[in-house]
Amino acid sequence: MAVPHVLIFPLPLQGPVNCMLKLAELLCLHQETHVTFINTEYIHQRLLNYTDVLIRFAKYPNFKFVTVPDGLPEDNPRNGDQIGKIIEGVEKVSSPLFREMVMMTTTTCLIVDGIFTFAVDIAKEAKIPLLYFDTISPCAIWTYLAVPKLIEDGEIPFKGNDLDALVNSVSGMEGVMRRRDLPSYCRATDLDIPIIQHVIKQGKHIVQAQALILNTFEALEGPILSQFRALCPNIYAIGPLHTQLKAKLASQSLPTSNSLWKEDMSCIDWLNKQPNKSVLFVSIGSLATMSKAQFLEFWYGLVNSKTNFLWVQRPGSIIGLEDDDINVPMELVESTKERGCIVSWAPQEEVLAHPSIGGFLTHCGWNSTLESIVEGVPMICWPYFVDQQVNSRYVAEVWKLGLDMKDVCDRATIERMVIEVMDVKKIEFLERAKQMSNLAIASVGEGGASYQDLERLIEDIRLMRI
Ligand code: UDX
């Protein structure tokens, strides 16, 4: 039998790359499996600049990186506004090279992002199994898959302006989802936009793969996973992946990073000086942006709440700030000196695990959400786009692990929600978050559902043929 050789190709963004690198490392731990990991040149260079990824993977002789161009100009910011161009670049420029690699190497299995619809034909041509890995939440992907039905039932485009109206066409989510909780692209008045067309195409392709890998765990998303199984019988729910990897590397548990920005470790020294569970961590991830007006509302809200805060202000995340300085009122600067710490990028997993952290004001990217769940940190959700609108609804309404601040950005609301999570309902939220954290950790422990699914995945990769 041929040596198992997996070719992994993530969507070139921080969240998916982080996630797939963790899966790659988990596969490499089974020395029998060979792994080739495709990065775009841009992503690879950033990993080389800011992480120890080469040293880390050097200990696996069965692992190799290869790079492909992403087709975007050097100076493209590759932020949230550019997502359509990023996908288009991969389809036009990277995918022919990916095809060549598949044809010319001894690959026995493909693991690629769920949005890469081109992989279905390539896998068929090469006669090897294709496993889609959708690195966002199953609850969000489920709403993506419902887009044709939402259109057919006339639920999108929305009729009228009531964003609080309930949505009935997403099975299993009746009574939970309001229009505002659907993926952000569902607010478009024109259904002919590329992102909607991509999502419709994705739904048709996903069911043609041999299996679907998901970064979640049964105790969190059991009902959605059951629905998925009716559609794609072979599901591997192996999350939280970062916890699964940590558990497997327990003996060598140095913190590792796949960051595309330089981590400012000084925030850990600052956290060490703060009381237990007193600090709100604030970060909007790798792609989201905010206007200067929203930035000031955030700042006032945080300061007025009188809570300690650690705030990640990613370069480029405040639109126009770099070209045009704003006058930050002295009162904000002074109060921040007293109880705030601002960095341009943080070692997030380490921060969330720090005993001083008591809450997380997040954009609800799926990695951030899972990282917060594992550490038992309650959330205030300020979703930016696509899946984040769904995640934030689930965090607040279904899992009851925090508050949803979507579509609102004023200092009074921020202040009120921070006080609610960090003070008034602190114990209640922390208790619930702790319970979910225990379930997350149990799922990757020996015999847990995610642990078993990973074992099954590794075994199936060894045996799987089409
Ligand atoms: C993107 C999409 O925006 C998101 O909706 C989707 O769920 C995944 O891909 P991104 O903005 O990258 O997400 O957010 P997220 O998935 O949360 O990933 C961000 C990663 O960067 C996390 O793993 C987080 O730990 C890390 N991070 C973030 C840091 O290491 N330091 C920081 O300062 C901020």
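Here the structure is a predicted model, which means the values were calculated and not measured. (Residues numbered from 1 in each chain as written. Predicted model: local features only at pLDDT ≥ 70, side-chain atom pairs only at ≥ 80, totals over all residues. Heavy atoms only, no water.)

Engineer: I'd like a rundown of unusual backbone geometry, residues and numbers included.
Structural biologist: In the segment running from Ile156 into Pro157, the intervening peptide bond is cis, with an omega of -5°. Looking at the element boundaries, Pro157 is found in the loop between helix H7 (147–152) and helix H8 (194–206). Residue Pro240 is bonded to the preceding Gly239 through a cis peptide linkage, with omega at -10°. Positionally, Pro240 belongs in the loop between strand E7 (235–237) and helix H10 (241–248). Of note in this structure, Cys364 is not a glycine but carries a positive phi near 70°. Mapped onto the secondary structure, Cys364 falls in the loop between strand E11 (357–362) and helix H15 (366–374). Its relative accessible area of 0% is what places Cys364 among the buried residues. (Helix = DSSP H or I, 4+ residues; strand = E, 2+ residues; numbered from the N terminus. Buried < 20%, exposed > 50% of the residue type's maximum accessible area, 1.4 Å probe, protein only.)

Engineer: Which residues make up the packing of aromatic side chains, and what values do they have?
Structural biologist: Tallied over the full model, the rule gives 23 aromatic pairs. Consider the rings of Phe295 and Trp299, whose centres lie 5.5 Å apart with planes at 55°: the pair is tilted. Of this pair, Phe295 and Trp299 both sit in helix H12 (residues 292–304), four residues apart, which is roughly one turn of the helix. Looking at Phe295, the relative accessible area reads 2%, which means it is buried. Aromatic side chains Trp299 and Trp311 sit 5.7 Å apart centroid to centroid with 90° between the ring planes, which places their arrangement in the edge-to-face category. Here the residue Trp299 occupies a position in helix H12, and Trp311 occupies one in strand E9 (residues 308–312), the gap between them amounting to 12 residues. Side by side, Trp299 and Trp311 carry an identical accessibility label, which is buried. Grouping aromatic residues by their ring pairs yields a cluster made of Phe295, Phe298, Trp299, Phe309, Trp311 and Trp382. The ring of Trp261 carries the charged tip of Arg46 above its face, separated from the ring centre by 5.0 Å. The ring of Tyr42 is capped by Arg78, whose NZ or CZ atom sits 4.0 Å from the centre of that ring. (Phe/Tyr/Trp six-rings, centres within 6.5 Å; stacked < 30°, edge-to-face > 60°. Lys NZ or Arg CZ within 6 Å of the ring centre and 35° of its normal.)

Engineer: Talk me through the site of the ligand; I want residue IDs and the actual numbers.
Structural biologist: Of all residues adjacent to the ligand, which total 23 residues, the nearest are Ser286, Ala346, Ser368, Glu371 and Asp387. A distance of 2.9 Å separates an oxygen atom of the ligand from a polar side-chain atom of Asn367. Considered on its own, the ligand offers 660 Å² of accessible surface; in the complex 96% of this is hidden by protein. For the shell around the ligand, the secondary-structure elements that each account for two or more residues are helix H1 (14–28) and H15. For the shell around the ligand, the per-class residue count stands at eight nonpolar, 13 polar and two charged. Each of domain 1 (5–257 + 443–464) and domain 2 (266–441) gives at least three residues to the shell around the ligand. (Near = heavy atom within 4 Å. Polar contact = N/O pair within 3.5 Å; in protein donor to acceptor, adjacent residues only side chain to side chain. Areas by Shrake-Rupley, 256 points an atom, 1.4 Å probe, with all protein chains shown as cover. Nonpolar A, V, L, I, M, F, W, Y, C, P; charged D, E, K, R; others polar. Domains from an automatic or database assignment.)

Engineer: Kindly report on the environment of Asp153, identifying the contributing residues and their values.
Structural biologist: Within the secondary structure, Asp153 sits in the loop between H7 and H8. A C-alpha to C-alpha distance of 39 Å links Asp153 and Lys22, two positions 131 residues apart in sequence. A polar side-chain atom of Asp153 sits 2.8 Å from a polar atom in the side chain of Ser169.

Engineer: Give a detailed account of the side chain of Gln313, specifying residues and quantitative values.
Structural biologist: Inspection of the secondary structure puts Gln313 in the loop between E9 and helix H13 (330–339). Taking relative accessible area as the criterion, Gln313 reaches 18% and is therefore assigned buried. In this structure Gln313 touches Phe295, Ile318, Ile342, Val343 and Ser344, once residues within four positions along its chain are discounted. (Contact = heavy atoms within 4.5 Å.)

Engineer: With reference to specific residues and values, describe H10.
Structural biologist: Burial in H10 covers these residues: Leu241, His242, Thr243, Gln244 and Leu245. The inward-facing, buried residues of H10 abut H1, strand E5 (130–134), helix H14 (348–352), H15, helix H18 (426–444) and helix H19 (449–463).

Engineer: Give a description of the state of the cysteines that names residues and reports values.
Structural biologist: Note: disulfide means a covalent bond formed between the sulfur atoms of two cysteine side chains. What the rule picks out here adds up to zero disulfides. With no disulfide of its own, Cys19 lies closest to Cys139 among cysteine sulfurs, the gap being 14 Å. Here Cys381 stays unpaired: no disulfide links it, and the sulfur of Cys364, its closest cysteine neighbor, is 3.3 Å away. (Disulfide = S-S within 2.5 Å.)

Engineer: Could you give an account of the domain arrangement of the protein, with specific residues and numbers?
Structural biologist: By domain assignment, the protein separates into domain 1 (5–257 + 443–464) and domain 2 (266–441). Relative placement of domain 1 and domain 2: their C-alpha centres are 25 Å apart. Each partner contributes residues to the interface: domain 1 has 46 residues there, and domain 2 has 31 residues. Carbon and sulfur atoms supply 60% of the area buried between domain 1 and domain 2, which totals about 3,100 Å² over both sides. Considering only the side of domain 1, the residues that lose the most area to domain 2 are Val176, Leu220 and His242, jointly responsible for 16% of the buried surface there. With its nearest N and O atoms 2.5 Å apart, the salt bridge here joins Lys22 to Glu349. Our count for the contact surface shared by domain 1 and domain 2 stands at 20 residue pairs in polar contact (both at pLDDT 80 or more). The element contributing the most residues to the side of domain 1 that touches domain 2 is H1, with six residues. Of the residues assigned to the side of domain 1 that touches domain 2, the class counts are 22 nonpolar, 15 polar and nine charged. (Buried area = accessible area lost by both parts, 1.4 Å probe. Salt bridge = Lys/Arg side-chain N within 4 Å of Asp/Glu carboxyl O.)

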